[in-house]
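One-letter residues, chain by chain:
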Amino acid sequence: MAIDGSSVNDKQGKAPSGAGTRRARRVRMTGAERREQLLDIGRTLFAERGFEGTSVEEIAAKAGVSKPVVYEHFGGKEGLYAVVVDREMRQLLDMVTGALTAGHPRELLEQAAFALLDYIETYTDGFRILVRDSPVAQSTGTFASLISDIATQVEDILGLEFKARGFDPKLAPLYAQALVGMVALTGQWWLDARKPKKPEVAAHLVNLAWHGLDGLEPKPRLIGHRRS
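Predicted model only: the values in this text are computed from it and were never measured.

Our next topic: the pattern of salt bridges. Side chains carrying opposite charge are able to pair once their charged atoms draw close together. Per the counting criterion, the structure on display carries eight salt bridges. Two residues, arginine 90 and aspartate 86, come together in a salt bridge whose shortest N-O distance is 3.0 Å. Of the two residues, arginine 90 and aspartate 86 are both situated in helix H6 (residues 77-99); the distance of four residues between them amounts to about one turn of the helix. Each of Asp118, Glu121 and Lys198 takes part in a single network of salt bridges with overlapping partners.

Right, dumping it as structure tokens:
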């Protein structure tokens, strides 16, 4: 009598290959693993569709879990989004502040520009999330607040340069915001354009910033008719 493959497997104590596959699929993740999976899925969806365009149902479906699992880990979509944004903000801030190692101010400008462009290139989804507007921005921080944090890192450097050149060091925060904001906004444009290449973009940013600072007037005057 002929015996089919599944019967042979049963007699030999071996489970059919399909059963093994089903068991493998049912391997449970640890709580930490599930949390990271949900963060990765949320990060991708928030980058593609924004906060409003992403639903808990879709996050849960892509993770292969029920909606209550998402609520259990994050309390809802807002909680998940807040963690994603917080991670991206810390990543960018660490990259920029960690890059500021040079002693010469012009090289510091280069390092700051490269750090931001490196982040955009490596963590594209994260940058797209950071520059989007969100109704939960008040609890997670905004891109503007992140830029302000980065600018704070270069205030002291500019203050020393201002003092050495006879400028008012109290104006260093203003110029720090202007410089970092210039790089950040250019980075937003380069996110989609990707031309010219990153080193060239950095070189042009530093060219404008450095030579603008080099010709800085200690007490600039307005030349138009408006004075107030």
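Overall, the coordinates contain seven aromatic pairs when judged by the stated rule. Look at phenylalanine 46 and phenylalanine 51: their rings are 6.2 Å apart centre to centre, the planes differ by 20 degrees, and that puts the pair in the stacked class. Exposure class is identical for phenylalanine 46 and phenylalanine 51. Each is buried. Three or more aromatic residues joined by ring pairs form one cluster here, namely Phe46, Phe51 and Tyr81. Directly above the aromatic system of phenylalanine 51 lies the positively charged group of lysine 77, at a separation of 4.3 Å from the ring centroid. One Lys or Arg, arginine 194, reaches over the ring of tryptophan 190 and ends 5.1 Å from the middle of that ring.

Take the packing of H6 against helix H10 (residues 143-165) next. Two numbers describe how H6 lies on H10: the axes approach to 10 Å, and their chain directions differ by 25 degrees. Comparing the axis directions of H6 and H10 gives the class roughly parallel. Judged by the twist between their axes, the crossing of H6 over H10 is right-handed. Contact with H6, carried on its side by Met89, Leu92, Leu93, Val96 and Thr97, involves Phe143, Ser145, Leu146, Asp149, Ile150 and Gln153 of H10 and no other residues of that element. Tallied by class, residues from the contact of H6 with H10 come to seven nonpolar, three polar and one charged.

Rules of the game
- Residues numbered from 1 in each chain as written.
- Predicted model: local features only at pLDDT ≥ 70, side-chain atom pairs only at ≥ 80, totals over all residues.
- Heavy atoms only, no water.
- Salt bridge = Lys/Arg side-chain N within 4 Å of Asp/Glu carboxyl O.
- Helix = DSSP H or I, 4+ residues; strand = E, 2+ residues; numbered from the N terminus.
- Phe/Tyr/Trp six-rings, centres within 6.5 Å; stacked < 30°, edge-to-face > 60°.
- Buried < 20%, exposed > 50% of the residue type's maximum accessible area, 1.4 Å probe, protein only.
- Lys NZ or Arg CZ within 6 Å of the ring centre and 35° of its normal.
- Axes fitted to C-alpha atoms, helices over the stretch in contact; angles between N-to-C directions.
- Parallel < 35°, antiparallel > 145°, perpendicular 65-115°, else oblique.
- Left-handed = near helix turned anticlockwise from the far one by under 90°.
- Contact = heavy atoms within 4.5 Å.
- Nonpolar A, V, L, I, M, F, W, Y, C, P; charged D, E, K, R; others polar.

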